[in-house]
Amino acid sequence: MKPIVASLLNIQILEGSLLTGFGVDQSSRLIDLVQHFQQHREAEPDLNFWILW
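The model shown is predicted, which means the values in this text are computed figures rather than measured ones. (Residues numbered from 1 in each chain as written. Predicted model: local features only at pLDDT ≥ 70, side-chain atom pairs only at ≥ 80, totals over all residues. Heavy atoms only, no water.)

Caption draft 1: Representation of the overall build of the protein chain within the structure. When helices and strands are tallied, the protein chain shows 2 helices and 0 strands. For the protein chain, the proportion of its 53 residues judged to be buried stands at 8%. About 5,000 Å² of surface is accessible on the protein chain, with carbon and sulfur atoms providing 65% of the total. (Helix = DSSP H or I, 4+ residues; strand = E, 2+ residues; numbered from the N terminus. Buried < 20%, exposed > 50% of the residue type's maximum accessible area, 1.4 Å probe, protein only. Areas by Shrake-Rupley, 256 points an atom, 1.4 Å probe, with all protein chains shown as cover.)

Rendered as structure tokens:
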């Protein structure tokens, strides 16, 4: 159990350092973003996340 919690905390720290303004409250919105992207991908199968950058 400890490795799982440690991994989740490490991910949160990494997100916070790479994405400014990304806090614990934004983590739930990340799931919504992924689901939203998947909806667009169903409409356009060639859509790629890296094209957006």
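Caption draft 2: Broad picture of a nonpolar patch on the surface. Taken together, M1, I4, V5, L8, L9 and I11 make up a surface patch of nonpolar side chains, about 630 Å² in accessible area. Looking at the secondary structure, you find I4 in helix α1 (residues 2-18). (Patch = residues over 30% accessible without salt bridge, like charges linked within 9 Å, V, L, I, M, F, W, Y side chains within 5 Å. Salt bridge = Lys/Arg side-chain N within 4 Å of Asp/Glu carboxyl O.)

Caption draft 3: Local environment of the environment of N48. Along the chain, the position of N48 falls in the segment after α2 (24-43). On the basis of relative accessible area, N48 is assigned to the partly exposed category, the value being 32%. C-alpha separation for the pair N48 and F37, spaced 11 residues apart in sequence, amounts to 9.3 Å.

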